[in-house]
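# Observations on the model geometry
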Amino acid sequence: MSAQFEAVQSPYLVPHDGSFRVETAATGPPHGGLRKKAKRERLGHLRKELGRLQRVLYADNRFAVLTIFQAMDAGGKDGTIRAVMTGVNPAGCQVFSFKKPSVEELDHDFLWRTSVRLPERGRIGVFNRSYYEEVLVVRVHPQILGYQRLPRSEHTEIWEERFESIREEEEHLARNGIVILKFWLNVSREEQRQRFLARLENPEKHWKFSTQDVEEREHWDDYMLAYEEALNATSRPWAPWYAIPADDKPYMRLSVAEIVVDSLRRLPMSYPAVDDDTRRELAGMRERLLAEDQPG
């Protein structure tokens, strides 16, 4: 597969020409769509198909899939990953969550900690947050750069430099058979508020809540600008971004599942063919097994 892999078309595909605008991106589903039960049934079918495709991906062993999930807090990353990947064999799926960098991670460049977690050939990799934190959270809170011990003290061009590094890294991965699918779960500010309140009212979800979650809401506009610039700078045919409406969880999960499944269907992969010598050998093994004395 070349780096010119064409992204699956979707109304939520972020254009590659820099024209994406957060203010016009939908946070809710279109009117007149599927009912909740129909969404659930459709998602169930897609899970089964994803499980089938993952088995072929594993057997073919030439490609890998990397799915990246970014969102504001309470955007639905964990639930979407769980809902979409339920039918995938755990042996063929690798999920990593990236939080505050460790001391070891800070001693490397900003792409290192995710590079060592890339999926092997034949597997589906899931990044819950990713190297994009370095042009999102760090951009909103540039004081974090002080902890990264960068060789230069002047950072006027650092964001464009990091965009360039990301584009080059993703193109390199695509050339080497990794299908990159990036999902921004676009939750509205009001829906986020309602989800925070629901967590506070449910004792079983208190562990998911942090006072920092509310404090970050004060930077909402800064985050939206950072997302807009990051998506415009890094959405490419071989590493597309999809801005998925996230206010309706069933619709969000279904939209992600459809894109993942459609992308896998387009890969030129199959179960390995067996040559004539191997086929004769297998036939001989079958005859030996059939000829064994049966118990009793």
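Each remark here, short or long, concerns the structure printed above.
Conventions adopted
- Residues numbered from 1 in each chain as written.
- Predicted model: local features only at pLDDT ≥ 70, side-chain atom pairs only at ≥ 80, totals over all residues.
- Heavy atoms only, no water.
- Axes fitted to C-alpha atoms, helices over the stretch in contact; angles between N-to-C directions.
- Helix = DSSP H or I, 4+ residues; strand = E, 2+ residues; numbered from the N terminus.
- Parallel < 35°, antiparallel > 145°, perpendicular 65-115°, else oblique.
- Left-handed = near helix turned anticlockwise from the far one by under 90°.
- Contact = heavy atoms within 4.5 Å.
- Nonpolar A, V, L, I, M, F, W, Y, C, P; charged D, E, K, R; others polar.

Time to look at the packing of helix H6 (residues 158-175) against helix H9 (residues 220-234). Viewed as axis vectors pointing N to C, H6 and H9 meet at an angle of 40°, and their least axial separation amounts to 9 Å. Here H9 runs oblique to H6, going by the angle between their axes. Like other packed secondary-structure pairs, H6 and H9 cross with a definite hand, here right-handed. Taken together, the residues of H9 that come into contact with H6 (itself represented by Phe 163, Ile 166, Arg 167 and Glu 170) are Glu 229, Ala 230, Ala 233 and Thr 234. Residues of the contact of H6 with H9, tallied by class, amount to four nonpolar, one polar and three charged.

Here we come to the packing of helix H2 (residues 77-85) against helix H10 (residues 249-265). Here H2 crosses H10 at 55°, and the two axes come no closer than 9 Å. With respect to each other, H2 and H10 are oriented oblique. In this structure, H2 crosses over H10, and the sense of that crossing is right-handed. Contact with H2, carried on its side by Gly 79, Thr 80, Ala 83 and Val 84, involves Met 252, Arg 253, Val 256 and Ala 257 of H10 and no other residues of that element. Considering only residue class, the contact of H2 with H10 consists of five nonpolar, two polar and one charged.

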